[in-house]
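Structure at a glance
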Amino acid sequence: MIILYTMERELRQLKELIKNKIHHSFLLQHIEEPKINDCKLYFLNHILNKSTLAPETKEQLIITSMLVQIALDIHEQVPDSNKLDNSPSIGVDSQLAILAGDYYSGLYYWLLSEIEEREFIKLLATTIKQINELKMELYFLENGTIDQFLTYHKQIGSLLITNLARYFGLENFTPIMEEVLLTDIIINGSIDGLLLQDKEKVLGIQINKTNDMIDNLKNESLMHGIADLFHSMVYQHTSSELD
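Residues numbered from 1 in each chain as written. Predicted model: local features only at pLDDT ≥ 70, side-chain atom pairs only at ≥ 80, totals over all residues. Heavy atoms only, no water.

1. Remarks on the environment of Leu53
Tracing the chain through its elements places Leu53 in the loop between α2 (38-49) and α3 (55-76). Residues contacting Leu53, with those up to four places away along its chain left out, are Leu48, Lys58, Leu61 and Phe168. (Helix = DSSP H or I, 4+ residues; strand = E, 2+ residues; numbered from the N terminus. Contact = heavy atoms within 4.5 Å.)

Written out as structure tokens, the structure is:
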């Protein structure tokens, strides 16, 4: 219980620090406030806590990684003008969204330069390149199966976390991280319309698969933490569907 309480306190503190970093009064007048993904923050905190880095460095790397994710998410939300009727040029809101993503990207480079983590900068840059390549492959995927779409979304949504896990020697836990994050993606609807047509069926299969993986985790402390996170996510979705 003490470990769980400590983790919850750390996550609350990190979330506040990230909120302070991403707050920009002008941008927030024109775009939605960026969302901080609780699942990814949990996994980042767990991964960095397993490292031997100084506490201040761990904190900076977690904040920086979340800024990378926020920048990627904001760019992802920009409407595709080629798919919109009567939209020959990109709108002001879309331009601001792009600038917001670039602004948060600049923030993480600045933070990393302060702690001189060159290898970490290289890792994040490589990950961003890989994610953008996967997004392009998904964009041009035609007549794909549900499994193919799910695989792409899982890779895009979890690559930042899994690359960091491998970097810090926690590759054994990447499969469960991928499945929890994919469940989060399906629940929040940030996935192709093809899947949304049969969302509850896809989600049910995904929940059962992830539950089985959690039950088979040999690391007891990680199992309890992920189980709590996962069950809370599913419960919130179920409750909102019943409202």
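Now that the structure has been shown, the text picks up again.
2. Focus on the pattern of salt bridges
Once the charged atoms of two side chains with opposite charge are near each other, the side chains can pair. Across all of its chains, the model carries four salt bridges by this definition. Across the pair Lys15 and Asp38 runs a salt bridge whose closest N-O atoms are separated by 2.6 Å. Pair noted here: Lys15 is in helix α1 (residues 2-22) and Asp38 is in helix α2, with a separation of 23 residues, a long-range link. Residues Lys154 and Glu179 are paired through a salt bridge, measuring 2.8 Å at the closest nitrogen-oxygen approach. Taken together, the residues span a long stretch of sequence, with Lys154 in helix α6 (residues 146-167) and Glu179 in helix α7 (residues 174-187) at a distance of 25 residues. Exposure remark for Lys154: the relative accessible area of 17% places this residue in the buried category. Owing to a relative accessible area of 4%, Glu179 belongs among the buried residues under this scheme. Salt bridges linked by common partners bring Lys154, Glu179 and Lys209 together as one network. (Salt bridge = Lys/Arg side-chain N within 4 Å of Asp/Glu carboxyl O. Buried < 20%, exposed > 50% of the residue type's maximum accessible area, 1.4 Å probe, protein only.)

3. Some points on the packing of aromatic side chains
The tally for this structure, following the rule as stated, stands at five aromatic pairs. Considering the side-chain rings of Tyr42 and Phe43, the 5.6 Å spacing of their centres and the 70° angle between planes classify their relative orientation as edge-to-face. In terms of burial, Tyr42 and Phe43 fall into one category: buried. Aromatic pair Phe120 and Tyr167: ring centres 6.1 Å apart, planes at 75°, arrangement edge-to-face. With Phe120 in helix α5 (residues 118-139) and Tyr167 in helix α6, this pair connects stretches of sequence that are 47 residues apart. Among the aromatic side chains, those forming a connected cluster through ring pairs are Phe120, Tyr167 and Phe168. (Phe/Tyr/Trp six-rings, centres within 6.5 Å; stacked < 30°, edge-to-face > 60°.)

4. So, α6
Helical geometry note: an α-helix holds 3.6 residues per turn, so side chains three or four residues apart project in the same direction. End to end, α6 covers 30 Å across 22 residues, agreeing with the expected 32 Å (1.5 Å per residue, within 8%). Taken as a whole, α6 carries its principal kink of about 60° at Ser158. One or two steps after α6, the chain reaches Gly169, where phi turns positive at roughly 80°. (Expected span 1.5 Å × (residues − 1). Bend = angle between axes of the 7 residues up to and from the residue.)

5. Remarks on the packing of α7 against helix α9 (residues 199-215)
Following both chains from N to C, one finds α7 and α9 inclined at 155°, their axes separated by 10 Å at the closest point. With respect to each other, α7 and α9 are oriented roughly antiparallel. Note that α7 runs across α9; the crossing there is left-handed. Judged by residue contacts, Pro175, Ile176, Glu179, Val180, Leu182, Thr183, Ile186 and Ile187 of α7 engage Lys199, Val202, Leu203, Gln206, Ile207, Lys209, Thr210, Met213 and Ile214 from α9. Broken down by class, the residue content of the contact of α7 with α9 amounts to 11 nonpolar, three polar and three charged. (Axes fitted to C-alpha atoms, helices over the stretch in contact; angles between N-to-C directions. Parallel < 35°, antiparallel > 145°, perpendicular 65-115°, else oblique. Left-handed = near helix turned anticlockwise from the far one by under 90°. Nonpolar A, V, L, I, M, F, W, Y, C, P; charged D, E, K, R; others polar.)

6. Quick word on a nonpolar patch on the surface
A cluster of nonpolar side chains, Met136, Tyr139 and Phe140, forms an exposed patch at the surface whose accessible area comes to about 350 Å². Relative to the assigned elements, Met136 resides in helix α5. Under the relative-accessibility criterion, Met136 is labelled partly exposed at 47%. (Patch = residues over 30% accessible without salt bridge, like charges linked within 9 Å, V, L, I, M, F, W, Y side chains within 5 Å. Areas by Shrake-Rupley, 256 points an atom, 1.4 Å probe, with all protein chains shown as cover.)

7. Considerations on the side chain of Gln69
Examined against the element boundaries, Gln69 turns out to sit in helix α3. Beyond its immediate sequence surroundings of up to four residues, Gln69 is in contact with Lys40 and Leu160.

By themselves these figures say nothing about function.
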